[in-house]
Amino acid sequence: MASGPFMDEKTLEKIDRVVVRFAGDSGDGMQLTGSRFTDATAVVGNDLATLPDFPAEIRAPAGTPHGVSAFQIHFASRDILTPGDHPNVLVAMNPAALITQLKAVEKGGVVIVNEDGFSDHNVRKAGYESNPLEDDSLDDFQVFRVPMTSMTVRATEDIEGITSRDAARCKNLFALGLVSWMYGRPTEPSIRWIEKKFEESPPLRDANLAAFRAGYNFGETAELLAVHYEVDPAPAPPGTYRNVNGTQALALGLIAASVQSGLGLFLASYPITPASELLHALSRHRRFGVHTVQAEDEIAAANMALGAAFSGRLGVTATSGPGMDLKAETIGLAVAMELPLVVVDIQRAGPSTGMPTKTEAADLLMALYGRHGESPLPVVAACTPSNCFDSAIEAVRIAVTHRTPVILLSDTFLANSSEPWRLPEAANLPDIDPGFATEPNHDGDFMPYLRDEKLARPWAIPGTPGLRHRIGGLEKEDVTGNISYQPENHDHMTRLRAERIARVEVPDLEVDDPDGGASLLVLGWGSSYGAIEGAARRLRREDGLELATAHVRHLNPLPPNIEDVLRSYERVLVPEMNLGQLSKVLRAEFLIDVESYTKVDGLPIFTRDVMEQVQERLL
């Protein structure tokens, strides 16, 4: 073990990037600690990316590995794309946090432990045979033992109305103060947050403030920590920035699309991890005309959203994998009715209940084909937390313009991770024209399936004079919308539904090939974007390798130039958080033998994962 040497003055060391992970019991407030550290980091101007990691159990037994909650943040003085592969610093509040998180820490990294949490009972409960602070199992790391709980209790002992039990619960703020000092984070954002959060409970406010200041002062005065670090602000284009996670960006994107289209936003959802946060986020924005309903089940939620679309609203429903299974029939009905409906699938590890709080991107084939009959629809996938904003607008644009349900794919990693986002200019957002039918369109009558050049049918708000029509799930006669069982009509309608989705405007696939001579293309979709681009930067810079990258944001229809792009490279590598679903689609569609790298361990694809796969092929 190592500790800082005795020094009269602290040493300041400049570094360009660092990855910090906070870990403790799910009741230790690690997500709060990480979020507050993130906000302070955003104020400094560092580029950042975060990775929250929640336990799946609602409340696992305290001190057990199953109950560990962690929060990782990567911040730097340059542009970064991922929350980092291996933490440089681990803050472990108890033995369970240490045993589950230590394997990820880089060799020689810093490990700060709450020494008070390492009782014999806690050590055994975590699965250790001996106390890791007393044996040689941590010799590969710089270990700093800090009695966080007892120091927090001492710092709060003069506050009236605070028991030692209450005080101990503030130890996460002590950890926040200590790490804030280590990396030169400003104290004002955290202090302001504490004062506002606990303004109605002065004892708790004072206790949390005391704990935070005690941690900061400990770093400043203790001989144990002799070095603190400085990370300069990252260069960034001028503008107004805010820190957002994927769920917040998605909510703002849906609201922006509602404003741009003039359609009232209606979201109906049933609570399911991790999609519930979108319902919570949108429910706070009634002033923008947003209406939200927590439905009694997934099927009801989908039906409510489709009913809202029929009535002329922007109908949205959100869920995760198991809920998508249940919504399939209603989505098929939306295909038949040809109404705009946005279905948000925030993917998680499956099947069935699977691992509700862990990430995966294995719903692609379900999104493309998971309905009975021939029922194609557009599929859009977000690639970064902030890109969830643009992807939401794009999904709404396609749905409204082409009168079709659209599936918008995100995942647990994107939903929970955060990054700085430059607010767009409202004037630059696309216009979305619902183009409601207002009068009869055929010899004084209204034909509900009389199509425009995009093959989109008219959208008539119920009750509009002269536009009375029938609609439902039985097969329609083209143009009139009457029920038809004629074989020729069903064949015609089936092919027509496919053709109108094929006509959806999708931009060309953009390729990043700086040298123009790469033999290998790394093609991604969804949240693999940051890992792929980060790996490409490092491999070009450190190994001098030539490789090209591209990212598919429209999964159906695919970009019009994708076949030409794939055939222009000798080899194509497709990293995915599934068992090769996009690879299957590309092989079937274009008869190109793309190479698949798959990862299904509940963790996102890391930069190192992609680097190793590329190095195997090019070195």
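Residues numbered from 1 in each chain as written. Predicted model: local features only at pLDDT ≥ 70, side-chain atom pairs only at ≥ 80, totals over all residues. Heavy atoms only, no water.

## A look at the overall build of the protein chain
A tally of regular secondary structure across the protein chain gives 20 helices and 22 strands. Against the 2.2 N^0.38 benchmark of 25 Å for 619 residues, the protein chain shows a C-alpha radius of gyration of 27 Å, consistent with a compact globule. Principal-axis analysis of the C-alpha atoms gives the protein chain an extent of 90 × 60 × 50 Å. Each of the 619 residues in the protein chain was classed as buried or not, and the buried ones make up 57%. For the protein chain, the share of sequence-separated contacts (at least 6 apart) that also reach a separation of at least 24 residues comes to 76%. Taken together, the 56 basic and 85 acidic charged side chains of the protein chain have centroids lying 4 Å from each other. (Helix = DSSP H or I, 4+ residues; strand = E, 2+ residues; numbered from the N terminus. Rg over C-alpha atoms; globule rule 2.2 N^0.38 Å. Buried < 20%, exposed > 50% of the residue type's maximum accessible area, 1.4 Å probe, protein only. Contact = heavy atoms within 4.5 Å. Lys, Arg positive; Asp, Glu negative; His and termini not counted. Charge placed at Lys NZ, Arg CZ, Asp CG, Glu CD.)

## Comments concerning empty space enclosed by the protein
Tallied over the full model, the rule gives 2 cavities of 30 Å³ or more. In this model, the largest cavity occupies a volume close to 40 Å³. For the largest cavity, the full set of lining residues is Ala361, Trp525, Gly526, Ser527, Ser528, Glu576, Met577 and Ile605. The class makeup of the residues in the lining of the largest cavity is 4 nonpolar, 3 polar and 1 charged. Taken as a whole, the second largest cavity spans an internal volume of roughly 40 Å³. (1 Å grid on protein atoms, 1.4 Å probe; cavity = no way out; pocket = protein on both sides within 12 Å on 5 of 7 lines; lining within 4 Å. Points joined across faces, edges and corners; volume = space filled by probe spheres on them. Nonpolar A, V, L, I, M, F, W, Y, C, P; charged D, E, K, R; others polar.)

## With respect to unusual backbone geometry
Pro274 follows Thr273 through a cis peptide bond whose omega is 0°. Turning to its location among the elements, Pro274 is positioned in the loop between strand 10 (265–269) and helix 10 (276–283). A positive phi angle, near 55°, is found at Ser352, a position not held by glycine. Tracing the sequence through the fold places Ser352 in the loop between strand 13 (341–347) and helix 13 (364–369).

## Topic: the nonpolar core
Within the largest apolar cluster, 102 residues are counted, with the highest numbers of intra-cluster contacts made by Leu282, Val344, Leu523, Trp525, Leu566, Leu586 and Val614. With 9 residues, the top contributor of residues to this core is helix 14 (residues 387–402). Residues contacting Leu282, with those up to four places away along its chain left out, are Ala251, Leu254, Ile255, Leu265, Leu267, Val290 and Thr292. Formed by 45 residues, the second largest nonpolar core is a distinct cluster that contains Val89, Val146, Leu209 and Phe218. (Core = buried A, V, L, I, M, F, W, Y, C linked by side-chain atoms within 4.5 Å.)

## What about the environment of Ser258?
Of note, Ser258 is situated in helix 9 (residues 246–261). On the basis of relative accessible area, Ser258 is assigned to the buried category, the value being 6%. Residues Ser258 and Phe288, 30 residues apart in the sequence, show an inter-C-alpha distance of 8.8 Å. If we skip the residues at most four places from it in the chain, Ser258 touches Leu263, Gly264, Leu265 and Leu314.

## Structural notes on the sheet that holds strand 6 (residues 110–114)
Spatial ordering of the open sheet is given by 3-4-2-5-6-7, a layout of 6 strands whose pairing is mixed. Edge strands, defined here as strands with exactly one partner in the open sheet, are strand 3 (47–53) and strand 7 (142–146). Pairs of neighbouring strands in the sheet enclose a mean axial angle of 15°, with direction left out of account. Note: strand 2 (residues 17–25) against strand 5 (residues 89–92), 4 bridges, orientation parallel. Looking at strand 5, one finds that Phe22 is bridged to Val91. Packing of helix 6 (residues 171–182) onto the sheet brings it into contact with strand 2, strand 5, strand 6 and strand 7, and relative to strand 6 it is tilted by some 155°. (Pairing = 2+ DSSP bridges. Axes fitted to C-alpha atoms, helices over the stretch in contact; angles between N-to-C directions.)

## Thoughts on the packing of helix 4 (residues 148–155) against helix 6
The relative placement of two packed helices is expressed as an angle between their axes plus a distance between the axes. Contact geometry for helix 4 and helix 6: axes closest at 9 Å, N-to-C directions at 100°. By the criterion of interaxial angle, the relationship of helix 4 to helix 6 is roughly perpendicular. For the pair helix 4 and helix 6, contact is made by Met148, Thr149, Met151 and Thr152 and by Lys171, Phe174 and Ala175, respectively. Of the residues assigned to the contact of helix 4 with helix 6, the class counts are 4 nonpolar, 2 polar and 1 charged. (Parallel < 35°, antiparallel > 145°, perpendicular 65-115°, else oblique.)

## Topic: helix 10
Buried residues of helix 10: Ser276, Leu278, Leu279, Ala281 and Leu282, and no others. Taken together, the buried residues of helix 10 touch helix 9, strand 10, strand 11 (291–294), strand 12 (314–319) and strand 13.

## Some points on the confidence of the model for the protein chain
Mean pLDDT over the protein chain stands at 95; residues scoring 70 or higher make up 99%. Ignoring residues within four places in sequence, the model shows residues 1–8, a span with pLDDT below 50, making 20 contacts including any to other chains. (pLDDT = per-residue confidence, 0-100.)

## Section: the packing of helix 9 against helix 10
Interhelical geometry of helix 9 versus helix 10 gives an angle of 50° and a closest axis separation of 9 Å. Viewed along their axes, helix 9 and helix 10 adopt a mutual orientation that is oblique. When you trace helix 9 past helix 10, the crossing you get is right-handed. Packed against helix 9, whose contacting residues are Thr247, Leu250, Ala251, Leu254 and Ile255, the element helix 10 presents Glu277, Leu278, Ala281 and Leu282 at the interface. (Left-handed = near helix turned anticlockwise from the far one by under 90°.)

## Details of the environment of Pro274
A residue is classified by how much of its surface remains accessible, and Pro274, at 8% relative accessible area, is buried. Every residue in contact with Pro274, bar those within four places of it in the chain, is listed here: Ser320, Ile346, Arg348, Pro356 and Thr412.

## A few points about a nonpolar patch on the surface
A contiguous nonpolar patch, built from Leu474, Ile483 and Tyr485 and spanning about 360 Å² of accessible area, is present on the exposed surface. Classification of Ile483 as partly exposed rests on a relative accessible area of 45%. (Patch = residues over 30% accessible without salt bridge, like charges linked within 9 Å, V, L, I, M, F, W, Y side chains within 5 Å. Areas by Shrake-Rupley, 256 points an atom, 1.4 Å probe, with all protein chains shown as cover. Salt bridge = Lys/Arg side-chain N within 4 Å of Asp/Glu carboxyl O.)

## Let's talk about the pattern of salt bridges
One pass over the structure, following the stated rule, counts 30 salt bridges. For Glu542, the salt bridge goes to Arg541, with nearest N and O atoms at 3.7 Å. Across the salt bridge formed by Glu563 and Arg567, the nearest N and O atoms sit 3.0 Å from each other. With Glu563 and Arg567 both in helix 18 (residues 562–567), this residue pair falls 4 residues apart, about one helical turn.

## A look at helix 7 (residues 188–197)
If you check which residues of helix 7 are buried, you get Pro189, Ser190, Ile191 and Ile194. Residues of helix 7 that are buried make contact with helix 1 (30–44), helix 6 and helix 8 (202–221).

## Here's the deal with the sheet that holds strand 14 (residues 379–381)
The mixed open sheet is built from 7 strands, whose spatial order is 11-10-12-13-15-14-20. In this open sheet, the two strands that pair with only one neighbour each are strand 11 and strand 20 (554–556). Going from strand to strand, the sheet's axes swing by 20° on average, the running direction of each strand aside. In the sheet, strand 10 pairs with strand 12 via 3 bridges, with the strands oriented parallel. In the strand pairing of strand 12, Leu267 is matched with Val316.

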